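Now for the letters of each chain:
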Amino acid sequence: MSLREARGPFEGTMSIVFACTSCGHSTAMLTNKAETQMVRSLGVAIGGRTKEAAPMEMLRSRLQGRRETPIAESARMGSKCPFTGVVAQAFAGGGQGMQWSEGATARLNRIPAFVRPSVQRSVEDYARRNGLTEINTSVMDAVKGNLGM
Amino acid sequence: MKTYHDIASDGGSDVIGQVTAQRARLEDRLSLVDHVVAVMSGKGGVGKSTITFVLAEALAERAWCVGIVDADINGPSIAQMTGVRTHVPVLTPGGVMPPENREGIRVMSMDLFLAQEAAPVLWEASTQDEAYTWRPMVEMGALRELIADTEWGPLDVLLVDLPPGADRLPNLASLLPRLSGVVVVTGPTSVSQVAVERSIGMASRVARVPVIGLVENMSAYICPACGAAELLDSNVGDAEALATRHGVPFLGHVPFDRNLALAADTGEPFLERYAGSMAGRAIIDISRKVARFLTR
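Notes on the structure follow. (Residues numbered from 1 in each chain as written. Chains lettered and ligands numbered in written order. Predicted model: local features only at pLDDT ≥ 70, side-chain atom pairs only at ≥ 80, totals over all residues. Heavy atoms only, no water.)

## Quick notes on the sheet that holds strand 4 (residues 95–97) of chain B
Taken in spatial order, the three strands make up an open sheet running 4(A)-3(B)-4(B), and their pairing is mixed. Across the chains shown, the open sheet's two edge strands, defined by having one partner strand only, are strand 4 (72–73) of chain A together with strand 4 of chain B. In the sheet, strand 4 of chain A pairs with strand 3 (residues 90–92) of chain B via two bridges, with the strands oriented parallel. Residue A72 of chain A lies in a different strand from strand 3 of chain B, and its bridge partner there is V90 of chain B. (Pairing = 2+ DSSP bridges. Helix = DSSP H or I, 4+ residues; strand = E, 2+ residues; numbered from the N terminus.)

As structure tokens, then:
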């Protein structure tokens, strides 16, 4: 059985026609307003999708009173990290001889740019106070979990 | 006569495949999120969203990467509280980039899609009559999109600000099976505490989500002139006893603080200026307990 055609919506009702693939015998599924709405509410496409659902598809297509442009196209499409400049700057500021392990660096990069420099300073201060020369993820755990930052 | 199970396919719609793809998209998105924590209450007006907002702030101050999704589809408030109400989310190849507030908290809310702040949330349909049959499904679909289609990036925690009602958590738990826990918020009145008891029962027995603890909000009034704390006349409940009775941790009392109310109204960070206030200290202590629960 395959989808032959979908008619409607006509005032909320639909006729969806399926046909036997070997003999062509057709069967129509009729939906009333409520049934049509139920299927739409699942966020699925009758007859299948030819391409992946767009982000926020339901919100952008079915919400009444939505903003004219609810989502802006990015001017920097392709850039994965909007904070690379800030990160570079923070690192350029220097750890004054403090070594950061790969794991710790990755965790630092996950912190919002706004607070990252102060976090870096706090962690390095903690390491210095404790006589450490390298910051690894255990040091970050200690700062995060025990010092009440 | 053929039965449902004799039909080889659904005519090419592959509804099950589409729903499975929706779930897979959600799981993919959350694979970079260490913890998902719901903030709930059985009763409206206890300050659940305010607690979500300041808890996020306190965790961000602890260097956590924090996101908030406003699951209150019909009464969204988190965008205003975090000061991002006028921001427009940006489409990127990975999804929709959420706005960030001054403290780097990433926010996604229905409010970001509405043209007018006070407009009711309505969905296009040939009729709104008998919308009770399909509206809850659309709202869950909208929440799924708000979570799954947002490019959260790696997060230490995603806070989910639930609308009032004990039934909300089981619905969320079925959408997000790996909820790390729930913070339950109550007010000082016995009415709100009875409703919260139902919520705790729902969390532990039905949704089977760990209860991180109970917060009593608006537990006292702080005099803006002298800073003295005074119990409110309505403060007749005993939230700590309630927590003990249900075997859940009591996380703390947050007194009513007009500066907190103002911060939430204006979208200004609260802890940035008032971390040393009684409410600020209480929130920081609560965030420490939540962090400890999540990193244990």
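## Focus: the nonpolar core
Core analysis: the largest hydrophobic core is formed by 98 residues, its most contacted members being W123 and L169 of chain B. The residues contacting L169 of chain B, other than those within four sequence positions of it, are A38, M40, L162, L179, V182, A203, A207 and V209 of chain B. (Core = buried A, V, L, I, M, F, W, Y, C linked by side-chain atoms within 4.5 Å. Buried < 20%, exposed > 50% of the residue type's maximum accessible area, 1.4 Å probe, protein only. Contact = heavy atoms within 4.5 Å.)

## Quick word on the sheet that holds strand 2 (residues 13–19) of chain A
All names here are of chain A. Taken in spatial order, the three strands of this open sheet run 1-2-3, and their pairing is antiparallel. Each edge of the sheet is formed by a strand with only one pairing partner; in this case those strands are strand 1 (2–10) and strand 3 (26–31). Direction aside, neighbouring strands of the sheet carry axes that sit 15 degrees apart on average. With six bridges joining them, strand 2 and strand 3 adopt antiparallel strand pairing. Residue M14 lies in a different strand from strand 3, and its bridge partner there is T31. With respect to the sheet, helix 1 (residues 33–41) is in contact with strand 2 and strand 3, its orientation differing from that of strand 3 by roughly 95 degrees. (Axes fitted to C-alpha atoms, helices over the stretch in contact; angles between N-to-C directions.)

## With respect to the environment of T266 of chain B
Position of T266 of chain B among the secondary structure elements: in helix 8 (residues 258–266). Taking the C-alpha atoms as reference, T266 of chain B lies 33 Å from R198 of chain B; in sequence the two are 68 residues apart.

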